[in-house]
Structures are given as C-alpha cells and as structure tokens.
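# Structural features, examined
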Amino acid sequence: MSTGDLLSIEPQELQFAFELKKQISCSMQLQNKTDDHVAFKVKTTNPKKYCVRPNSGIVFPRSTCDIIVTMQAQKEAPPDMQCKDKFLLQSTVAPAGTSAKDITPELFNKESGNKVEECKLKVNYVPPKRPPSPVREGSEEGSSPRGSISDNGAVNLIDSNTAPRSFAESQDISSEAMTLISKLTEEKNSAIQQSKRLHQELELLRRQGNKSNGGIPLIYVLLIGLVGLLLGYMFK
C-alpha cells in the first residue's frame, strides 16, 4: 500500500491478467486519511492504451473511492511480458463543497503554491488464472458429500461412499453369475456324457441284434426315443 499524507493507494502496482485480443481490467482504491476534501487526477504514459474511470474526482473526508483501469485489447504480446507503462496519481486538498466538475488543472499546479502529492504506479502483466481442475468424486476416503444440479435446478447431494458400495454390489452379482454359469456347464457336460453312453449302448444292441438275426426289442426303442426327446429339450 502506498501511503501519503492525503491518500492511501491500494495496490501500488497495477496487475493485468494479460490475454491477446481481450479487454482486461483491474482496480485500485483511494482512501482519504484526512478531514478535508481531496481532489485526485490519474495520468498515464500511454493514454490510448488505457481507459481510467474515473480519471479525476473528489474523495470525501475519511471515505474511499474505487477506480477501474481498463487495458484495450492487444494484438501482440510484449517481449518477455514486460510492460514499461506507468501511471501517475496526483492529489491535493480541495475547498469544501468542491465537486468533480469543479476540478481544473490549476488545482494540481505546484507553481501556484498548491501542495500536490504524487504517486507513481507500475504496470505488471501476469498469466491469466486457470480454471480449477475437476476432482474425481469418491477419489478420497472420508471426503465430504458432493452435489449435482438437476434439470429443475435442485441440488442433489451425492455421498462419496456410494461408488464403493455400488462396486461391491456389482462384484456380488458377478460372483453369482459365474457360479450359475459353472453349474450349467457341468450339467451340459454331464448330459453330453450320458448321450455318448446311450449311443454306445444303442450301437451295442444293434450289433447283438444282428448276430442273433433278431430285431431290437420295442422297449429299448421307446426308451432310446424318450431319452432323445429329453436331450433335445435340454439343448434348446
């Protein structure tokens, strides 16, 4: 903070978050430390580049005044992001009842015997602020609940323990599915083995029937047909 007998100025260095082709603003505050009306005026070494509002005015006793400095959009960045521009803030005691319209260059003329305080302000370019990186929900144990906004604008709180609980439930479902698949596979293999044995018995019966020149008993034919129907139903 720059401190004179009349005004305190904060900050003493104007910082602009420099971006190409974009207007950038910063602010400073003047505080009147006296019981008098204090007139001020802001000058710059590059008036075409900056817009100061207000560039002059009155700070009432024991009060403050905010000033906005806007840098016009720049097409090129300066070498090494160094800026040589400077500002000069002049202040002097003004008669009571003086308004901003009454401020004239004569108030800041030292040769007229006026006490004029001057404060030089430097300009500094800083990188623009980056948006915060998103935090993955549930990434930290014991983290506070996070919220989401629904279409109707309502805020829905989401507990960070929801994700671990859902993961455990999905693991249980996967385990049950694997058990069921394993059981079905065993039943399928068992049915295939039974089918092979029945085919072998059928072949054996055919050979015995050929040797004895007789036909296959009707009960064996019915039994084999029934088993075939059951196996066909199981493999649908």
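Quick summary incoming for the structure in this document. The model shown is predicted, which means the values in this text are computed figures rather than measured ones. Residue positions are given per chain, counting from 1 as you read along its sequence in written order. Since the coordinates come from a predicted model, pLDDT governs what is reported: local features require at least 70, and pairs of side-chain atoms require 80 or more to be given and counted, while whole-chain, interface and lining totals use all residues. Computation of side-chain values covers all heavy atoms of the structure but excludes hydrogens and water.

Moving on: the pairing of strand β5 (residues 37-44). Think of it this way: DSSP has to see at least two bridges between two strands before they count as a pair. Numbering of helices and strands runs from the N terminus; a helix is a DSSP stretch of H or I covering at least four residues, while a strand is a stretch of E covering at least two. In terms of strand pairing, β5 meets strand β9 (residues 86-94) through eight bridges, oriented antiparallel. The partner of Phe-40 across the bridge, within β9, is Ser-91. Bridging between β5 and strand β7 (residues 56-59) involves four bridges; their strand directions are antiparallel. Along β7, the bridge assignment pairs Lys-41 with Ser-56.

Below, the discussion takes up the sheet that holds β5. The strand order across the open sheet built from five strands is β3-β10-β9-β5-β7, with neighbouring strands paired in mixed fashion. Both outer strands of the open sheet, β3 (13-17) and β7, are each paired with one neighbouring strand and no more. For this sheet, the mean angle separating the axes of adjacent strands, direction not counted, is 25°. Orientation is described by lines fitted to C-alpha atoms, with helices fitted over the stretch in contact, and by angles between N-to-C directions that extend from 0 to 180 degrees.

All right, on to the pattern of salt bridges then. If the charged atoms of two oppositely charged side chains come close together, the side chains can form a pair. Should a side-chain nitrogen of Lys or Arg be within 4 Å of a carboxyl oxygen of Asp or Glu, the pair is scored as a salt bridge. Within this structure, the stated rule accounts for five salt bridges. Between Asp-5 and Lys-115 there is a salt bridge whose closest N-O contact spans 3.5 Å. With Asp-5 in the loop between β1 (2-3) and β2 (7-10) and Lys-115 in the loop between β9 and β10 (116-126), this pair connects stretches of sequence that are 110 residues apart. Each member of the pair, Asp-5 as well as Lys-115, carries the same accessibility label: exposed. In this structure, Asp-85 and Lys-49 form a salt bridge, with 3.0 Å as the shortest nitrogen-oxygen distance. Taken together, the residues Asp-85 in the loop between β8 (64-71) and β9 and Lys-49 in the loop between β5 and β6 (50-53) connect sequence positions 36 residues apart. The burial state of Asp-85 is the same as that of Lys-49; both residues are buried. Only protein chains enter the accessibility calculation, which uses a 1.4 Å probe. A residue is then buried if its area is under 20% of the maximum for its type, exposed if over 50%, and partly exposed in between.

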